[in-house]
Structure formats: structure tokens, C-alpha cells
Amino acid sequence: MTRAAVFAGRAADIPEGAAVVVELDARVAVFNVAGEFLAVEDRCSHQEAFLSKGFVDGRTVECPLHASCFDLRTGRPSGPPAVRPVRTYPVVVRDGSVFVTRPAP
Ligand code: FES
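The chain is annotated in an unreviewed UniProt entry as 3-phenylpropionate/trans-cinnamate dioxygenase ferredoxin subunit of Amycolatopsis tolypomycina.

Structure below.
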């Protein structure tokens, strides 16, 4: 890992479909999507609801406030009211531990 990484938890302790929250340059939600860990900024681009409180369906999360869905791989919303993507973060799993790093500048 070349950039500073933040420990998000043990992979086995993050249930499928759930998210944990870590602090990097922003609040970041790390989701377990069928054993794949994906991280996005934990702030909806519409009105700042916590996406970690949203509903996971496949590789998307539905905002709990107004139901825009975001692709957890790209951060892009699939439709309004959100129109801007949320930031995504690289995730590395090493020896059963999940780490999040800042995106490349
Ligand atoms: S706050 Fe997320 S869609 Fe409105």
C-alpha cells in the first residue's frame, strides 16, 4: 500500500450487505457486497444523507432520504434527485483485514 491506509475492520466482522464507517479526508462508508469490499464517501451528493444508512442491492446503495441509487464501484447515481457522483475509495483486503486508502490525486 503506497498511500496511507486506514483499517476498516476484519472482513469476517463486516456482514454481507452492511457498511462500516471510517474517517479519511472525509467520512467513508465501506460496504461488504457479497464478499467484495467497496468504499464511497458517506455523504449523498444530493442533501448529505449518510449512504452507510442506505439499502444495498447488488452493487448499488439506495440513499435513505430520497432514494437515489449509487453505483458503489463508480459512485455514479442512476437517477435523480442526486445528479453528481460520490467519491469512491480504493479498498485492499490483506490477511483478512480491510483497509481503505485515499483516491489517487
Ligand atoms: S439526500 Fe440522498 S437522494 Fe436526497
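Still more to cover.
A. Quick look at the sheet that holds strand β8 (residues 88-89). Taken in spatial order, the four strands of this open sheet run β2-β3-β4-β8, and their pairing is antiparallel. If you trace the sheet from one side to the other, it starts and ends with β2 (19-23) and β8, each paired once. Looking at chain direction, strand β4 (residues 36-41) and β8 are connected through two bridges and run antiparallel. Bridge pairing in β8 links Val40 to Thr88.

B. Highlighting the UniProt feature "domain: Rieske" (unreviewed entry) in the chain. Cross-referencing UniProt, the feature "domain: Rieske" (unreviewed entry) maps to residues 6-100 in the present numbering. For residues 6-100, the helix share is 0%, the strand share is 44%, and the end-to-end C-alpha distance is 5 Å.

About the criteria used
Residues numbered from 1 in each chain as written. Predicted model: local features only at pLDDT ≥ 70, side-chain atom pairs only at ≥ 80, totals over all residues. Heavy atoms only, no water. Pairing = 2+ DSSP bridges. Helix = DSSP H or I, 4+ residues; strand = E, 2+ residues; numbered from the N terminus. UniProt positions renumbered as here; feature names shortened; annotations may be inferred.

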